[in-house]
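# Commentary on secondary and tertiary structure
The residues making up each chain are set out below.
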Amino acid sequence: MPSWISEGFAEYAKRFPPSCTLDLIEIPAEKRTKNSDIPRLIVREGEKILSTIKPGNRVIALDVKGKSWNTQELAQHLTTWQQEGRHVDLVVGGPDGLSNECLTKAEMKWSLSPLTLPHPLVRIILAEQLYRSLTIIQGHPYHR
């Protein structure tokens, strides 16, 4: 990732309180060539993703077909997740999306946008929106 992406993510991640940390687990996408068996690559990527999810964690798949939330709705979801006390794994797929297994494992499917967003920007958008939602919950003026 370009340094500005890493710096942007790190900037928002460090703002999270100790009771609600934001961690990034990056799984490299499978190498693609013009003759790649894309469905097979998606399955392999899905297996790697699922292997990082601990039992009991809530899984939210980021998927263009998911439900769109505004920032207030995200804050409501975040409040519920915090009250439940479960870890939440936000799962972003590779360039060709998530495997069916990942989508099936997900308790919710969330669409950031109907636009196709580059993966580097997605991590910053996610970090910023989660931070913004926390500030709404805390009554901090960041959201205004």
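Use the structure listed above.
In what follows, the accompanying structure is described. (Residues numbered from 1 in each chain as written. Predicted model: local features only at pLDDT ≥ 70, side-chain atom pairs only at ≥ 80, totals over all residues. Heavy atoms only, no water.)

Before going further, it helps to examine a nonpolar patch on the surface. Together, W4, L121 and I125 give the surface a local cluster of nonpolar side chains, amounting to about 270 Å² of exposed area. When you line up the elements, L121 lands in helix α5 (residues 119–138). (Patch = residues over 30% accessible without salt bridge, like charges linked within 9 Å, V, L, I, M, F, W, Y side chains within 5 Å. Areas by Shrake-Rupley, 256 points an atom, 1.4 Å probe, with all protein chains shown as cover. Salt bridge = Lys/Arg side-chain N within 4 Å of Asp/Glu carboxyl O. Helix = DSSP H or I, 4+ residues; strand = E, 2+ residues; numbered from the N terminus.)

This part is about the layout of surface pockets. For the largest pocket, the calculated volume is near 1,300 Å³. Along the wall of the largest pocket there are 40 residues; nearest its centre are D23, I25, V88, D89 and L90. Secondary structure elements with two or more residues in the lining of the largest pocket: α2 (38–52), α3 (71–84), β2 (88–92) and α5. Sort the elements by how many residues they give to the lining of the largest pocket and α5 lands first, with six residues. For the lining of the largest pocket, the class distribution of residues is 23 nonpolar, 10 polar and seven charged. Considering the residues around the second largest pocket, the lining is formed by 21 residues, among which L62, D63, V64, G97 and H119 are closest to the centre. (1 Å grid on protein atoms, 1.4 Å probe; cavity = no way out; pocket = protein on both sides within 12 Å on 5 of 7 lines; lining within 4 Å. Points joined across faces, edges and corners; volume = space filled by probe spheres on them. Nonpolar A, V, L, I, M, F, W, Y, C, P; charged D, E, K, R; others polar.)

Enumeration according to the criterion identifies five aromatic pairs in this entry. Note on Y12 and Y131: the rings are 6.2 Å apart at their centroids and 45° apart in plane angle, and the pair reads as tilted. Note that Y12 is positioned in helix α1 (residues 3–15) and Y131 in helix α5, a separation of 119 residues in sequence. Across the pair, Y131 and Y12 agree in class, each one buried. With a centroid separation of 4.9 Å and an interplanar angle of 75°, the aromatic rings of Y131 and Y142 are classed as edge-to-face. With Y131 in helix α5 and Y142 in the segment after α5, this residue pair connects regions lying 11 residues apart in the sequence. According to the relative accessible area criterion, Y131 is buried, its value standing at 11%. Overall, the relative accessible area of 24% leaves Y142 in the partly exposed class. Pairwise contacts between aromatic rings join Y12, F16, Y131 and Y142 into one cluster. (Phe/Tyr/Trp six-rings, centres within 6.5 Å; stacked < 30°, edge-to-face > 60°. Buried < 20%, exposed > 50% of the residue type's maximum accessible area, 1.4 Å probe, protein only.)

Turning to the sheet that holds β2, a few remarks are in order. With parallel pairing, the three strands of this open sheet are ordered in space as β2-β1-β3. Two strands lie at the open edges of the sheet, namely β2 and β3 (108–111), each paired on one side alone. Recorded for the sheet is a direction-independent mean angle of 45° between the axes of neighbouring strands. Across five bridges, the pairing between strand β1 (residues 58–68) and β2 is parallel. Of the residues in β2, the one forming a bridge with V59 is D89. Here α3 sits on the sheet and contacts β1, β2 and β3; the angle it forms with β1, its principal contact strand, is near 165°. Where α5 meets the sheet, its contacts fall on β1, β2 and β3, and the angle it forms with β2 comes to roughly 155°. (Pairing = 2+ DSSP bridges. Axes fitted to C-alpha atoms, helices over the stretch in contact; angles between N-to-C directions. Contact = heavy atoms within 4.5 Å.)

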